[in-house]
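Letter by letter, the chains look like this.
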Amino acid sequence: MFRNKDKGKSGAKGTRTFGATSQTNESEHTEYPFRLNLYVCHLMTFLRAESPASYDRPPLYEVTLEDFETCALDRLRILAEIESSFARNRPRDELNTVTENQCRKYLPLNSNTAMKVDLEEQRRNDHLGHFVLRLAFCRSEELRRRFVKAESTLFKVRYETDDRAERAQFLAAQAFEWKKIEEAEKRSFAKELDAFEIKQQQKSGESEFYKVPWTRVPDLVAKRRVFLRAGYAYVPSKELSSFVFNEFERKLEMALEVTAFYTIISQLSENRQHTARMLPRMDEDTRLVPILNNLSQGFLAGVPSEWVNSSATGDEIRADMIDDLARKHFPMCMRNLHECLVRDHHLKHYGRLQYGLFLKVLGLSIDEAIVFWRKSFSNITDDKFNKEYKYNIRHSYGLEGKRANYPAKSCQQILTTDKPGVGDCHGCPYRHFSSENLQTALLSAYSSQGLTSTDLHEIVRTVKDGHYHVACTRVFEITHASRGVKKGEGIGEGDSVIHPNQYATRSIELEKPGETAMVVES
């Protein structure tokens, strides 16, 4: 499945097949008849070479490592925003709107009637991204639980917005365990079934009913919206979507468990030649492990992706502006670093790295950076500063060493790498501060911008649930309410904070004359 960027060299060094032999015919995996899918992927599905190519099988074609990662990241952005919506208690209508917007931006999936779009490419990317994320999120119960919840929500949004005719064709093509009841059976239970039609405000005898095992629709049983008889639930056609959603979730959970236990299965199998095709040997492929680890860490941190501000020119802010900018516009992580620097006239290595790259991307030039850090380190001599610190400052700007242009750290990197120890000031306060210290720091930093003690309960609850970026986003909304930012809008269009520079840049934009919360830079 995987190969290096040179697509013209099939079988070149670095090529890796996933789920099929290299003789798989191209026509066998180009059929995506439906926009919707159930991602049914049982153990035997891997082994049936005659099975038609569709969403119920893993991708059986070669892709570059770049596509492997890109498709997964695009899908992860959507799933992480769905999880963020749950953490922010968004109403269902708002959650649907946000999810649809994210899908249009990162993972468009049009119906069969769409014109001038490559439907097959869209569905192939959707297919690939799901299975890559399955590899990343199958490795722990917590990851599987969060992945299934987010994927189920994405499926529901797509199902409810799908074209009616295409949705009917999709349902007809699935081997669901339901059976449409005949008229004779319907008449024998007419009184009971009529009662459900009245409850749903439909005319008696107008609905069609389907028999399904009652264990497949527990939510309908709990709400008393079905008639139960002999182990079956009689489900009105209007309520069949509940069965479909439950089936999606059930089969995805089963498929994730199969993926998680692949290693054990392959070791016990009598025919390892076949089972070895199911998944690549992760412990033998040093290219894939870092990608999958990064994806799973990003999901646990609740962060969709890294944010890049292309407008920074390197000469937009001066050293003497930073005190004022920190007080008005910096997120809590950078506000804390700045206050520690002012108080101690020093920051340890990781603190200087996190804060220095943030200021660089914000627009502090190399000359202004040297002025700023020299002034901040006021308790040391010029000679000591030049020998021990100036080189590292120039190095971070790509002017020394290997001359790399280092980006600022994203929320994901801050949350998952270089955990702070005693005396360190770097990291994410929402994750690394105690609850009491966090509340004190928030009130000290943002009370002048509208944050009150009554807001802390919601923020602390979100932090305890592990949604650190959601807590940061909520602080942004509260402290920018005077600029027209409302609860649920985030930094714009409902997006969550995913990068410290994103927070600061948006805050600075909102302060400009004529700027409102409705104008958002993408």
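Starting afresh in each chain, residues are numbered from 1 along the sequence in its written order. Per-residue local features are limited, in this predicted model, to residues with pLDDT of at least 70; the limit for side-chain atom pairs, both in listing and counting, is 80 or more; totals at the level of whole chains, interfaces and linings are taken over all residues. For side-chain calculations, the full set of non-hydrogen atoms in the structure is used, while hydrogens and water are omitted.

A.B. asks: Looking at this model, I keep getting lost on empty space enclosed by the protein. Mind explaining?
C.D. replies: The way it works is a 1 Å grid over only the protein atoms, where trapped points that fit a 1.4 Å probe form a cavity and open points with protein on both sides within 12 Å along at least five of seven lines form a pocket, and then any residue with an atom within 4 Å of a point lines it. Grid points are joined across faces, edges and corners, and a volume is the space filled by probe spheres set on the points. With the rule as written, the count across this model stands at four cavities of 30 Å³ or more. There is about 120 Å³ of room inside the largest cavity. Those elements giving two or more residues to the lining of the largest cavity turn out to be α15 (332-344), α19 (411-416) and α23 (468-479). Side-chain classes follow a simple rule in which Ala, Val, Leu, Ile, Met, Phe, Trp, Tyr, Cys and Pro form the nonpolar group, Asp, Glu, Lys and Arg form the charged group, and the remainder, Gly included, forms the polar group. When its residues are assigned to classes, the lining of the largest cavity shows 12 nonpolar, one polar and no charged. Where helices and strands are cited, they refer to DSSP runs of H or I of at least four residues and of E of at least two residues respectively, numbered from the N terminus.

A.B. asks: I tried to follow unusual backbone geometry on my own but got confused; where do I start?
C.D. replies: The general pattern is negative phi for most residues beyond glycine and trans for most peptide bonds. One non-glycine residue, Asn89, lies in positive phi territory at about 55°. Along the chain, the position of Asn89 falls in the loop between α2 (65-87) and α3 (92-106).

A.B. asks: How do you make sense of the pattern of salt bridges when you look at a structure like this?
C.D. replies: Opposite charge on two side chains makes pairing possible when the charged atoms of those side chains draw close. Any Lys or Arg side-chain nitrogen located within 4 Å of an Asp or Glu carboxyl oxygen qualifies as a salt bridge. Here the structure, examined in full by the defined rule, presents 37 salt bridges. The salt bridge involving Glu208 is made with Lys180; its shortest N-O contact spans 2.9 Å. Of the two residues, Glu208 sits in the loop between α8 (190-199) and β4 (209-213) while Lys180 sits in strand β3 (residues 179-180), which places them 28 residues apart along the sequence. Only protein chains enter the accessibility calculation, which uses a 1.4 Å probe; a residue whose area is less than 20% of its type maximum is buried, one above 50% is exposed, and one in between is partly exposed. Glu208 sits in the partly exposed class, given a relative accessible area of 36%. Since its relative accessible area comes to 41%, Lys180 is described here as partly exposed. A salt bridge links Arg318 to Asp320, with the shortest nitrogen-to-oxygen separation between them at 3.3 Å. Arg318 gets classed as partly exposed once you look at its relative accessible area, which sits at 45%. Where salt bridges share partners, they join Glu81, Arg88, Arg90, Glu94, Glu458, Arg474, Glu477 and Lys487 into one cluster.

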